[in-house]
Structures are given as structure tokens and as C-alpha cells.
Amino acid sequence: MTPPPLPFFVYGTLRPGEPNHDLFLRGRTHSEERARLHDAALYDGPGYPYAVDTPGAVTVGELITARPEAHPRLLSELDRLEEYAPGDPHNLYERVAREVTRDTDGTAVRAWVYLAAPAVTARLRAHGKLIEGGDWTDRR
């Protein structure tokens with residue numbers, strides 16, 4: 001079954017100004033807007049972050065709407081980048097559809113989000129470094 005062509009919520013290395021933005025997104029997007037994912041905390045990983053389901057927390061990022069002709073290939077490339085394969089117990093991330101909120105007007109939009117997979121989530125909750133404020137670009 002082909003996944004629906006939802007926009008992507010990105011919160012780490014795919015954000016504008018971060019290294020994977022130009023590699024994967026430049027020239028392939030229709031729009032890029034600041035947005036927030038509610039009930040997800042951000043943890044520092046080895047050079048990239050993980051969002052983890054956490055009631056009351058907020059993760060800051062961008063809502064990326066791909067150009068329609070670019071979406072299928074981009075989805076496949078981002079799945080590989082995030083080491084996500086449907087049903088694979090070794091995934092680092094799980095791709096899930098979640099509501100995110102646009103900063104500009106407060107509207108909710110359903111988007112693909114890569115959240116930490118269950119085993120990664122357990123490790124992060126036990127030993128991970130929480131990124132206070134939920135913004136990867138402010139971690140330094």
C-alpha cells in the first residue's frame with residue numbers, strides 16, 4: 001500500500017541551514033514553514049536528534065511540503081536516511097502520521113514525522129540528554 005503524500009515535519013538535520021536540508025530537500029519543496037509537534041520531547045543523538053512521545057513536551061521544527069512530483073522519491077529517500085523500514089524491529093526511527101501546528105496561523109496539519117523507535121526511546125528515557133526547549137538549532 002502506498003503511503004499518503006503528507007507533508008513532513010522535520011526537527012533536526014533536515015531543517016533549513018542544517019546539513020541534510022540541501023542534500024535532500026533543496027529544489028524539491030513547495031513550502032517550508034515553522035511548526036511544532038506537541039507531546040514530543042527532543043533528545044540529543046550522535047550528531048542528530050530523536051523526538052520521543054512525551055505528554056506536554058513540544059518539539060520545534062519545520063513543516064515541509066514536497067512538490068507533488070518529488071514526494072514519492074523523497075519519501076523513499078528519507079526512509080533510508082532515517083533507517084526506517086516498515087515492520088523492521090531494528091529501526092532507529094518509526095515514520096508516523098501526527099498532527100503538527102503551524103506557527104504562522106496555529107492550524108493543525110497531518111504530517112509524516114520520524115519518531116524514535118521503541119528500543120531507542122527506552123534508551124533515551126533512561127540515559128539520554130534532553131534538549132531543553134525542544135529546538136535542535138538552540139542546543140549549542
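Here the structure is a predicted model, which is why all the values come from computation and not from measurement. (Residues numbered from 1 in each chain as written. Predicted model: local features only at pLDDT ≥ 70, side-chain atom pairs only at ≥ 80, totals over all residues. Heavy atoms only, no water.)

Peer 1: Help me understand helix α2 (residues 71-81), please; the structure alone is not making it clear to me.
Peer 2: Helical geometry: 3.6 residues make up each α-helical turn, so side chains three or four residues apart lie on a common side. Among the residues making up α2, those that are buried are His71, Leu74, Leu75, Glu77, Leu78 and Asp79. For α2, the secondary structure elements touched by its buried residues are β1 (8-10), α1 (19-25), β3 (49-66), β4 (93-102) and β5 (108-116). Positive phi shows up at glutamate 83, right after α2, with a value of about 55 degrees. (Buried < 20%, exposed > 50% of the residue type's maximum accessible area, 1.4 Å probe, protein only. Helix = DSSP H or I, 4+ residues; strand = E, 2+ residues; numbered from the N terminus. Contact = heavy atoms within 4.5 Å.)

Peer 1: What am I meant to see in the packing of aromatic side chains here?
Peer 2: Geometrically, a pair of aromatic rings is defined through the distance of the ring centres and the angle of the planes. One pass over the structure, following the stated rule, counts four aromatic pairs. Ring plane angle 65 degrees and centroid distance 5.6 Å describe the contact between tyrosine 48 and tyrosine 50, whose orientation is recorded as edge-to-face. Classification of tyrosine 48 by relative accessible area gives partly exposed; the value is 26%. Judged by its relative accessible area of 6%, tyrosine 50 falls in the buried class. The structure contains a cluster of three or more aromatic residues connected by ring pairs, namely Tyr48, Tyr50 and Tyr93. (Phe/Tyr/Trp six-rings, centres within 6.5 Å; stacked < 30°, edge-to-face > 60°.)

Peer 1: What is the right way to look at the environment of phenylalanine 24 in this model?
Peer 2: Within the secondary structure, phenylalanine 24 sits in helix α1. Setting aside its immediate chain neighbours within four residues, phenylalanine 24 contacts Leu14, Leu74, Glu77, Leu78 and Leu81.

Peer 1: Where do I start with the environment of leucine 74 in this structure?
Peer 2: Of note, leucine 74 is situated in helix α2. Judged by relative accessible area, which is 0%, leucine 74 ranks as buried. Separated by 50 residues in the primary sequence, leucine 74 and phenylalanine 24 place their C-alpha atoms 7.5 Å from one another. Other than its neighbours up to four places away in sequence, leucine 74 contacts Phe8, Phe24, Leu25, Arg28 and Ala66.

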